[in-house]
Amino acid sequence: MKIFSVKFKKSIENSNQFFYSTFPEYAFYGRSNVGKSSLINFIVNSKKEAKVSSYPGRTKFINFFLINHKWYLIDLPGYGYSFQKNRIIEKKKLIKDYIFYRTNLVYLFLLIDCRIIIQKLDLDFIKKLKTYKIHFCIVFTKTDKINSKILDRNINYCKEKIEKNFFSMPKYFKVSVKKKYGREKLIQIIKNLNEYFELKKKPYREKLIIPNS
Ligand SMILES: Nc1nc2c(ncn2[C@@H]2O[C@H](COP(=O)(O)OP(=O)(O)O)[C@@H](O)[C@H]2O)c(=O)[nH]1
Ligand SMILES: [Mg+2]
């Protein structure tokens, strides 16, 4: 699949700003600094679309990028680093409203830094994804930073932790933006899902009611 058009559509700061759309959305989530914005840049082949920062917590809003006039890539703020104290609850709600209740979201790429062994925060989040039946895969980022032996060891550890805690290991991928590795497989997932929804003409997800809290 060739990406011929990338348009920054909107940055959303609170849940009232979500807009109606009939296009599927693919979101990138994980700890701050894990490489979400870099990976989006890599996928769209652009240096500047999703602002990349060398320090954590920069993406404070949910950014929507319209690709090929037909689907969206979503850059989410990371977890693990706090926003300004008085805004934490607000931001958490925004992310929760998006991931768990936005019906356009068809697939989530959960990014884990391959050097950092999977943490409780990641596991708690995976558990929630399962509860809400969100389709997702794990993307191990920055694989250029360690050798393949340590990489395999870390991935195995992650697999064991997930299996011990709940279910089977989801589909996973290894990427390195620096080495330009792993892009095609991610694009393929998106391509397959786009085709599936085009053929089936089905709604992306069942509508869930957003509770007040
Ligand atoms: N070596 C290496 N550095 C990376 C890679 N991906 C991201 N980074 C760096 O990690 C830092 C955080 O990246 P960013 O995309 O802003 O992370 P975000 O907070 O998750 O959006 C930046 O300094 C990136 O240059 C990678 O594949 N390899
Ligand atoms: Mg970012």
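Residues numbered from 1 in each chain as written. Chains lettered and ligands numbered in written order. Predicted model: local features only at pLDDT ≥ 70, side-chain atom pairs only at ≥ 80, totals over all residues. Heavy atoms only, no water.

A. Expanded view of the overall build of the protein. Counting its secondary structure elements, the protein contains five helices and seven strands. For the protein, the succession of helices and strands along the chain, N to C, is β-β-α-β-β-α-β-α-β-α-β-α. At a minimum sequence separation of 6, the contacts of the protein that also span at least 24 residues come to 75%. Per element, the accessible surface of the protein, about 12,100 Å² overall, is 53% carbon and sulfur. (Helix = DSSP H or I, 4+ residues; strand = E, 2+ residues; numbered from the N terminus. Contact = heavy atoms within 4.5 Å. Areas by Shrake-Rupley, 256 points an atom, 1.4 Å probe, with all protein chains shown as cover.)

B. Here's a closer look at the site of ligand 1. Taken together, 17 residues are adjacent to ligand 1, and N33, K36, S38, D144 and V177 come closest. One of the side-chain nitrogen or oxygen atoms of K142 is found 3.0 Å away from an oxygen atom of ligand 1. When the free accessible area of ligand 1 is taken as 580 Å², the share hidden by the protein chains comes to 84%. The residue inventory of the shell around ligand 1, partitioned by class, reads three nonpolar, eight polar and six charged. (Near = heavy atom within 4 Å. Polar contact = N/O pair within 3.5 Å; in protein donor to acceptor, adjacent residues only side chain to side chain. Nonpolar A, V, L, I, M, F, W, Y, C, P; charged D, E, K, R; others polar.)

C. A look at empty space enclosed by the protein. In the structure shown here, the tally under the stated rule is two cavities of 30 Å³ or more. What the largest cavity holds in volume is close to 60 Å³. Forming the boundary of the largest cavity are R31, V34, L111, I112, D113, I116, I117, I118, Q119 and D122. No other element matches strand β5 (residues 105–113), which puts three residues into the lining of the largest cavity. Each pocket or cavity is described by its volume, and for the second largest cavity that value is around 40 Å³. Residue lining of the second largest cavity: I112, D113, C114, I116, I117, I118, F140, N154 and C158, and that is the complete set. (1 Å grid on protein atoms, 1.4 Å probe; cavity = no way out; pocket = protein on both sides within 12 Å on 5 of 7 lines; lining within 4 Å. Points joined across faces, edges and corners; volume = space filled by probe spheres on them.)

D. A look at the confidence of the model for the protein. Confidence in the prediction for the protein averages 87 pLDDT; 86% of positions are at 70 or higher. For the protein, helix α2 (residues 88–101) is the element with the lowest average pLDDT, namely 88, and strand β7 (residues 172–174) is the one with the highest, namely 98. (pLDDT = per-residue confidence, 0-100.)

E. Quick look at the side chain of K36. Mapped onto the fold, K36 is located in helix α1 (residues 36–44). The side chain of K36 sits in the buried core without any salt bridge; D75 is the nearest counter-charge, 6.0 Å away. A distance of 2.8 Å separates the side chain of K36 from the backbone oxygen of R31, its partner in a polar contact. If we skip the residues at most four places from it in the chain, K36 touches F28, Y29, G30, R31, D75, L76, P77, G78 and L111. (Buried < 20%, exposed > 50% of the residue type's maximum accessible area, 1.4 Å probe, protein only. Lys, Arg positive; Asp, Glu negative; His and termini not counted. Salt bridge = Lys/Arg side-chain N within 4 Å of Asp/Glu carboxyl O.)

F. Region of the structure containing the nonpolar core. Core analysis: the biggest nonpolar cluster contains 38 residues, and Y98, I99, L108 and I138 have the highest contact counts within it. Counting residues per element, the ones that place at least two in this core are β2 (25–30), β3 (62–67), β4 (71–75), α2, β5, α3 (120–131), β6 (136–141) and α4 (148–165). Counting residues per element, this core draws most heavily on α2, which supplies six residues. Residue contacts for I99: discarding those within four places in its chain leaves Y29, L76, L105, L108, F125, L129, I134 and R205. Of all hydrophobic cores here, the second largest spans 28 residues; its members include Y26, V44, L73 and I189. (Core = buried A, V, L, I, M, F, W, Y, C linked by side-chain atoms within 4.5 Å.)

G. How the structure looks around the environment of E90. For E90, the location among the structural elements is in helix α2. Since its relative accessible area comes to 35%, E90 is described here as partly exposed. In the structure, E90 is positioned 76 residues away from N14 in sequence and 7.5 Å away in space, judged by C-alpha atoms.

H. Molecular detail of the pattern of salt bridges. For the coordinates displayed, the defined rule picks out 10 salt bridges. E163 is paired through a salt bridge with K159; the nearest N and O atoms lie 3.7 Å apart. Highlighted residues: E163 and K159, both in helix α4, separated by four residues, approximately one helical turn. With a relative accessible area of 32%, K159 lands in the partly exposed category.

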